[in-house]
Structures are given as structure tokens and as C-alpha cells.
Amino acid sequence: MRYIIIGAGAVGGTVGGRLAQAGRECALVARGKHLAALEEHGLRLRVPEGEFTHRLPAVDGPGPLGELRADDVLVLAVKTQDTVAALQSWADVPVAGGGTAAERLPLVLLQNGVESGRLALRRFRHVYGVCVWLPSTFVEPGVVSAAGRPLTGILHLGRLPHGTDDTAHRIAADLTDAHFEAPVVPDVARWQYAKLLGNLGNALEAVSGPVADAAAEALYARVRAEGEAVLDAAGIAWASTEEQRAARGDKVTLVPLDGVPRGGGSSRQSLARGTGTIEADYLNGEIALLGRLHGVAAPLNELLQRLANRFAREHRAAGSLPVAELVRMADAAEGSVPTDSVAPHGS
């Protein structure tokens, strides 16, 4: 199979580079300075074993690839806010032997949150969700790093909305050869919702810095508890902390890489790079949405969603809001919610 990595940034570039290192055929889709660097110098992947350069086809969209192959796998690794544009670009691309990408090719979602699965299933027949446990950093155009060892990451994989098939197992086998563990599970959404709860701290880290001291940890615990209450009200199951810990163990241990400062989570990296957008609408915003649908107030997640979007829109510096000030804002947000302000529809 040929893997077409749509969005070859930190996560996509790492997966593409590791697959190429394992002898799998890959093409990278990128834009701007990153694409120019990939074309000129190749993909430089920094991992605990050293730095590897992979000279792979790099394009800005489906046009330069022409007709797609029947054995192609589309791997979507853009941020959720860029998903619709990517799906529109690739859905109708013809495939050798007839039909389109949306009709015939597997689409693998290497993304945070759960919204992309719903968006993809509107257009694509064969969609595979992934719970992405892959610490990685976009270092500079053309250069990505992943500091985990002995494994680079753990990628639970399954069909959406549920189930498994031979294609999932073939993809998992390739990922296993490429320094990943890729359990094929029939309930991948359960793992994705568990990751979503962890990602609720992304906006906190982005606006106020690492969740490292007691005040930040206590605030994150409140944000997560709010998220768990919302998922419970919605009847949504997620893999428990104990189950996740057992699955991960010490398989992905971060080690310092020369010349590669840890960039933080994906949201913090978005602010640091000044992209102007951030994933908060699909992380904290997912909890806000479900809370409104199921009658549970979620003021803390609404606050973080709003702040993260403002920081991205106004190009504010990552980590520039003192934690003490954020805690004060969180207290005020919780205190301003009337006890009867949110009720289930029809009550």
C-alpha cells in the first residue's frame, strides 16, 4: 500500500517518516514553507536513534499525483478545523479502475477529538479512526521530531463508527513495523473519547503554560471532571485511566533530543507558530456542545475554548496568561452559571 499523508506536520510527518524508514511507500502533502523545505531537502525526522532524512514525493494537493492507485491509503493528519477543506479536495479524485477516493479508498484519521469522524463519514465510505498517542513536535519547516522510545507512539485503530476489517489489520501491521504499537479495536471511539478528556488540558497549557504546578493541576482536574460529567450525561463510554495506563505502560518514554525543545501539546504549538487557528472548538468545544445537548453546564470548558480562540486569533504569546488569573476567571465562570440555566431538551 502507498500512504498519502495529508498534513505532514508533527504527527503526519512522524508517521510518514517512520513508515518510509520501514520501507513503505509514502507521499507527503503540505503547504507553504514546509512544502518548499520538503521538496528541497526532504523530510528530516529527529528521533532517539538520530536524525533521518527521507526524500519522499511532496505535493500541495491531489493534482500532482494524478489518478490515485487502488492500493492507496489516505491518512488525514490536518487539524480538525482544516478537515472539511481537505475532504473536499480529496473526495472526488479518480482512482485507477473506476470510482473516486471517497468511494474506494480507506481514509485514516490521525487527529484529536471526534468531530472529524462525523465529517469524514458524510463523504467517505471507508473511514478509520485512530486514538493518537504520539508525542511529536514541528521543529521548523521540513523538520519534525518524536522523542518516544522504545516505541514512537501507540495508535489504537478501528473502523468508524465501529468494527474492524482486514484493511485495518494491514495498516496496523505496517505501523507495527514502523516503531508503533497499533492495536486494532472494534470500539476505537471509546479510546478517542478518553483521549478527548486528556486533550481538555491543551487549551490550558496553550494559554497559561505547562500544567506543572498544583494550581494548574487542580484547575485541569476541574475541567476534566466537567468533561466526564458531560460524557456521562450523554451516555458516552470512554476507556478508563487505568485501562489507558495498562495499554501504554512505559512503552513511550520521552528522552531529550539534541536541539529539539519539547514543543508542548498541539494547541500550544499552534500558538507558538502563530497559525491563527487552534483546535479548541473540537476539544473543549466538544464538551460545550454535548453539555448543551444533554443539559449539563460546562462553563470551564467554554472559558478555555473562548480564551484559546482569542489567543489564536489575536496572535497572543503561548503561555502568557498567569495561572492565577486563569483560576480567577474559572471561579467567576462557574459562579455565574445559574443552577437552572441548562436543562435537558423537553424538560
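In what follows, the accompanying structure is described. Computed from a prediction, not measured in an experiment: that's the story for all the values here.

## Remarks on unusual backbone geometry
1) Next: With an omega dihedral of 5 degrees, the bond running from Arg 149 to Pro 150 counts as a cis peptide bond.
2) Next: With respect to the helices and strands, Pro 150 occurs in strand β11 (residues 148–150).
3) Next: Cis geometry is found at the peptide bond from Leu 160 to Pro 161, where omega equals 10 degrees.
4) Next: One can find Pro 161 in the loop between β12 (153–159) and α6 (166–176).
5) Next: The backbone of His 179 sits at a positive phi, close to 75 degrees, despite the residue not being glycine.
6) Next: Turning to its location among the elements, His 179 is positioned in the loop between α6 and β13 (180–181).
7) Next: On the accessibility criterion, His 179 (31% relative accessible area) is partly exposed.
8) Next: With a phi close to 55 degrees, His 315 is a non-glycine residue in the positive phi region.
9) Next: Locating His 315 in the fold gives a position in the loop between α13 (299–313) and α14 (323–335).

## Points about helix α2 (residues 32–41)
1) Next: His 34, Leu 35, Ala 37 and Leu 38 are the residues of α2 that are buried. Angular distribution of buried residues about the axis of α2 spans 165 degrees; they occupy a single face of the element. Set apart from the buried face of α2 by more than 90 degrees, the exposed residues are Gly 32, Lys 33, Glu 39 and Glu 40.
2) Next: Residues of α2 that are buried make contact with β2 (25–29), β3 (43–47), β5 (58–59), β9 (136–140) and β10 (143–146).
3) Next: Phi turns positive, to about 85 degrees, at Gly 42, one or two residues after α2.

## Considerations on the packing of helix α9 (residues 214–234) against helix α12 (residues 284–294)
1) Next: Where α9 contacts α12, the axes come no closer than 9 Å and their chain directions differ by 45 degrees. Here α12 runs oblique to α9, going by the angle between their axes. Where α9 crosses over α12, the two elements pack in a sense that is left-handed. When α9 is examined against α12, the residues Val 223, Gly 227, Val 230, Leu 231, Ala 233 and Ala 234 are found in contact with a partner set consisting of Asn 284, Ile 287, Leu 290, Gly 291 and His 294.
2) Next: Class assignment of the residues belonging to the contact of α9 with α12 gives a composition of 7 nonpolar, 4 polar and no charged.

## Topic: the side chain of His 34
1) Next: Along the polypeptide, His 34 turns up in helix α2.
2) Next: Overall, the relative accessible area of 9% leaves His 34 in the buried class.
3) Next: Separated by 2.9 Å, the side chain of His 34 and the backbone nitrogen of Gly 142 make a polar contact.
4) Next: When neighbours within four sequence positions are excluded, His 34 is seen to be in contact with Ala 8, Gly 9, Phe 138, Pro 141, Gly 142 and Val 143.

## A closer look at the sheet that holds strand β4 (residues 50–54)
1) Next: Pairing is mixed in the open sheet, where 4 strands are placed in the order β4-β3-β10-β9. Looking at which strands have only one partner, the edges of the open sheet turn out to be β4 and β9. Each neighbouring strand pair of the sheet contributes to a mean axis angle of 25 degrees, computed without reference to strand direction.

## Brief notes about the sheet that holds β5
Working definition: the strands of a sheet are paired by backbone hydrogen bonds and lie parallel or antiparallel to each other.
1) Next: With mixed pairing, 8 strands are arranged side by side in an open sheet as β5-β2-β1-β6-β7-β8-β12-β13. Taken across any chain shown, the strands that pair with only one partner, and hence form the sheet edges, are β5 and β13.
2) Next: When strand β7 (residues 107–109) meets strand β8 (residues 127–133), the two strands line up parallel, connected through 3 bridges. In the strand pairing of β8, Leu 107 is matched with Val 127.
3) Next: Across the face of the sheet, helix α3 (residues 83–90) comes into contact with β1 (2–6), β2, β6 (72–76) and β7 while running at roughly 160 degrees to β6.
4) Next: Contacts from α6 reach β1, β6, β7, β8, β12 and β13 within the one sheet, and its direction differs from that of β12 by about 170 degrees.

Rules and cut-offs
- Residues numbered from 1 in each chain as written.
- Predicted model: local features only at pLDDT ≥ 70, side-chain atom pairs only at ≥ 80, totals over all residues.
- Heavy atoms only, no water.
- Helix = DSSP H or I, 4+ residues; strand = E, 2+ residues; numbered from the N terminus.
- Buried < 20%, exposed > 50% of the residue type's maximum accessible area, 1.4 Å probe, protein only.
- Arc of directions from axis to C-beta.
- Contact = heavy atoms within 4.5 Å.
- Axes fitted to C-alpha atoms, helices over the stretch in contact; angles between N-to-C directions.
- Parallel < 35°, antiparallel > 145°, perpendicular 65-115°, else oblique.
- Left-handed = near helix turned anticlockwise from the far one by under 90°.
- Nonpolar A, V, L, I, M, F, W, Y, C, P; charged D, E, K, R; others polar.
- Polar contact = N/O pair within 3.5 Å; in protein donor to acceptor, adjacent residues only side chain to side chain.
- Pairing = 2+ DSSP bridges.

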